[in-house]
Amino acid sequence: MTIISDLINLNLSDVTDKVIAEYVWIGGSGLDLRSKARTLPGPVNDPSKLPKWNYDGSSTGQAPGQDSEVILCPQAIFRDPFRRGDNILVMCDAYTPAGEPIPTNKRHGAAQIFNNPEVAAEEPWYGIEQEYTLMQKEVNWPVGWPVGGYPGPQGPYYCGVGADKAFARDVVDSHYKACLYAGINISGVNGEVMPAQWEFQVGPAVGITAGDQLWIARYILERITEVAGVRLSLDPKPVTGDWNGAGAHTNYSTKSMRNDGGYEVIKTAIEKLGKRHSEHIAAYGEGNERRLTGKHETANIKTFLWGVANRGASVRVGRDTEKEGKGYFEDRRPASNMDPYVVTSMIAETTILWKP
């Protein structure tokens, strides 16, 4: 094992200018991540300078066998926390050979919204709170829980400390530092209400970069759990019963909301979100009806309500925002398995472009 560790940690810059680029893309389920590596002649820090690539879409559920080639287009570059040096992770989106975005490429449509002059002028900021659950590899059950049994009831686990309250903190801290190394604007982590459930926050991030950063943060987390021998679950309700679900609360503001008088802009935006509640719910993640029950700090999926400091609302406004008359709000409806390209662009489209 020592030899393998030594080889993994080889510093290539001692002997060559060549670097390794790990191309990352979203697979056929719209949630699974895929990646493969290629050698580049030297360091690259501009995605437009990277070559396009291709993969077998018939093996990812994204193309038929008789016409299986899917094209990868590099969109964002991050430092590689696993290989380090000048090696990089590359977030890509996927197209047919004719240049059409494939159905699971949600980034393409999101980019069109964020490139709209009205949206770009508002400089939309996002902060996404990604909740997730770490599961035992061999059984579909959270780490630290007795197999087939349950720990004590919720209460001591949220931001808890101690071997009987915080499970797999080494995975969480490894991910935190790896994201910072990669160049992701990860702003914090914490233990969640259900034991073995954790959260990390990405943001503030502007426009399309929020989606790029969250997807790469998920990729890095998948890679770390791979080494740690645990399984990552983004199921919005991984354990039935009196246990909190997992969401991806999305904090949002525009330039107009952040400026003086912004609270009125915020209220108008929330009113628009309420009028398109069903459309947003349909796009906010699979299985969300198991989470949005009106219990466990959620609003019922069939209703829309907002309030100040109300964690049982669909949309929450912070006390500071109300007091200062400007700021941001939090859409608490997205599920942990949501596509951040879809959610961020849809919020911008509804609040900036949509005319009711």
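Since this is a predicted model, take the numbers as computed values, not measurements. (Residues numbered from 1 in each chain as written. Predicted model: local features only at pLDDT ≥ 70, side-chain atom pairs only at ≥ 80, totals over all residues. Heavy atoms only, no water.)

### Regarding the packing of aromatic side chains
Note on aromatic pairs: each is described by the distance of the centres and the angle between the planes.
For step 1, the next point in the chain: Evaluated as defined, the whole model comprises 11 aromatic pairs.
For step 2, the next point in the chain: Taking the centre distance of 6.0 Å and the plane angle of 55° together, the rings of Trp145 and Tyr150 count as tilted.
For step 3, the next point in the chain: Given a relative accessible area of 3%, Trp145 falls into the buried group.
For step 4, the next point in the chain: Note on Tyr150 and Trp243: the rings are 6.2 Å apart at their centroids and 10° apart in plane angle, and the pair reads as stacked. Taken together, the positions of Tyr150 in the loop between β6 (125–136) and α4 (169–182) and Trp243 in the loop between β9 (230–233) and β10 (248–253) put the pair 93 residues apart, joining distant regions of the chain.
For step 5, the next point in the chain: An aromatic cluster is present here, built from Phe114, Tyr126, Tyr252 and Phe329 joined pairwise through their rings.
For step 6, the next point in the chain: For Arg258, the ring lying beneath its charged end belongs to Trp125, and the centroid distance is 3.8 Å. (Phe/Tyr/Trp six-rings, centres within 6.5 Å; stacked < 30°, edge-to-face > 60°. Buried < 20%, exposed > 50% of the residue type's maximum accessible area, 1.4 Å probe, protein only. Helix = DSSP H or I, 4+ residues; strand = E, 2+ residues; numbered from the N terminus. Lys NZ or Arg CZ within 6 Å of the ring centre and 35° of its normal.)

### What to know about the environment of Gly285
For step 1, the next point in the chain: Within the element layout of this structure, Gly285 appears in the loop between α8 (277–283) and β11 (306–308).
For step 2, the next point in the chain: Residues Gly285 and Ala313 lie 28 residues apart in sequence; the distance between their C-alpha atoms is 18 Å.
For step 3, the next point in the chain: The residues contacting Gly285, other than those within four sequence positions of it, are Ala335, Asn337 and Met338. (Contact = heavy atoms within 4.5 Å.)

### Brief notes about the packing of α4 against helix α5 (residues 208–228)
For step 1, the next point in the chain: Here α4 crosses α5 at 140°, and the two axes come no closer than 10 Å. On the basis of their axis angle, the class for α4 and α5 is oblique. Relative to α5, the crossing made by α4 is right-handed. Residues Val171, Ser174, His175, Ala178, Cys179 and Ala182 of α4 touch α5, and the partners they reach there are Ala217, Ile220, Leu221, Ile224, Thr225 and Ala228.
For step 2, the next point in the chain: Tallied by class, residues from the contact of α4 with α5 come to nine nonpolar, three polar and no charged. (Axes fitted to C-alpha atoms, helices over the stretch in contact; angles between N-to-C directions. Parallel < 35°, antiparallel > 145°, perpendicular 65-115°, else oblique. Left-handed = near helix turned anticlockwise from the far one by under 90°. Nonpolar A, V, L, I, M, F, W, Y, C, P; charged D, E, K, R; others polar.)

### Considerations on the sheet that holds strand β1 (residues 19–26)
For step 1, the next point in the chain: Taken together, the five strands give an open sheet; going across it, the order is β2-β1-β5-β4-β3, and neighbouring strands pair in mixed fashion. Of all strands in the sheet, those with a lone pairing partner are β2 (33–40) and β3 (53–56), marking the two edges. For this sheet, the mean angle separating the axes of adjacent strands, direction not counted, is 40°.
For step 2, the next point in the chain: Looking at chain direction, β3 and strand β4 (residues 69–79) are connected through four bridges and run antiparallel. Each bridged residue has a counterpart across the sheet, and for Asp56 the counterpart in β4 is Glu69. (Pairing = 2+ DSSP bridges.)

Any functional reading would require information that these geometric values do not contain.
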